[in-house]
Amino acid sequence: MSRVNPIYHHSEKKLDQELEWITLAKSDPKHFAPLYEKYHEQIFRYVNQRMDDTELAFDVTSQVFLKALKNLHKFEYRGVPLGSWLYRIAKSELNQAFRDR
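Report on the accompanying structure. (Residues numbered from 1 in each chain as written. Predicted model: local features only at pLDDT ≥ 70, side-chain atom pairs only at ≥ 80, totals over all residues. Heavy atoms only, no water.)

### A closer look at the nonpolar core
Counting 24 residues, the largest nonpolar core has Ile43, Val47, Leu72, Leu82, Trp85 and Leu86 as the members making the most contacts within it. Mapped onto this core, the elements with two or more residues apiece are α1 (12-27), α2 (33-49), α3 (54-71) and α4 (82-100). With seven residues, α4 is the largest single contributor of residues to this core. (Core = buried A, V, L, I, M, F, W, Y, C linked by side-chain atoms within 4.5 Å. Buried < 20%, exposed > 50% of the residue type's maximum accessible area, 1.4 Å probe, protein only. Helix = DSSP H or I, 4+ residues; strand = E, 2+ residues; numbered from the N terminus.)

As structure tokens, then:
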């Protein structure tokens, strides 16, 4: 029997909770904290595994969340976790960091 990691696979209840957090954060950025806490570690690991500089990985991860917060009003919920959007931002920020180097 395979085990599914509940951090990465969301039930309807978890998706509903996340949508509530997103809606609150769109109206007031201080409500972004639960989303940051939920996704920071996994986004950092994604970035860090692709870089040879941990300090730069922290900087890139910070940029991911700064851009996410700044552009959250553009996010359209489509029934998938916010993490999908954050990974796209992370990929873009990684590419930018590599170009800048």
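From this point, things continue past the structure.
### Side note on the packing of α2 against α3
For the pair α2 and α3, interaxial distance at closest approach is 9 Å and the crossing angle is 135°. On the basis of their axis angle, the class for α2 and α3 is oblique. Here the hand of the crossing between α2 and α3 comes out right-handed. From α2, Tyr36, Tyr39, His40, Ile43, Phe44, Val47 and Asn48 reach across to α3, where they touch Thr54, Ala57, Phe58, Val60, Thr61, Val64 and Phe65. In terms of residue class, the contact of α2 with α3 is made up of ten nonpolar, four polar and no charged. (Axes fitted to C-alpha atoms, helices over the stretch in contact; angles between N-to-C directions. Parallel < 35°, antiparallel > 145°, perpendicular 65-115°, else oblique. Left-handed = near helix turned anticlockwise from the far one by under 90°. Contact = heavy atoms within 4.5 Å. Nonpolar A, V, L, I, M, F, W, Y, C, P; charged D, E, K, R; others polar.)

### Thoughts on the packing of α1 against α2
Here α1 crosses α2 at 130°, and the two axes come no closer than 8 Å. Relative to α2, α1 is oriented oblique. Contacts between α1 and α2 involve Glu18, Trp21, Ile22 and Ala25 from the former and Pro34, Leu35, Lys38 and Tyr39 from the latter. Of the residues in the contact of α1 with α2, the class split is six nonpolar, no polar and two charged.

Any link to function would need more than the numbers given here.
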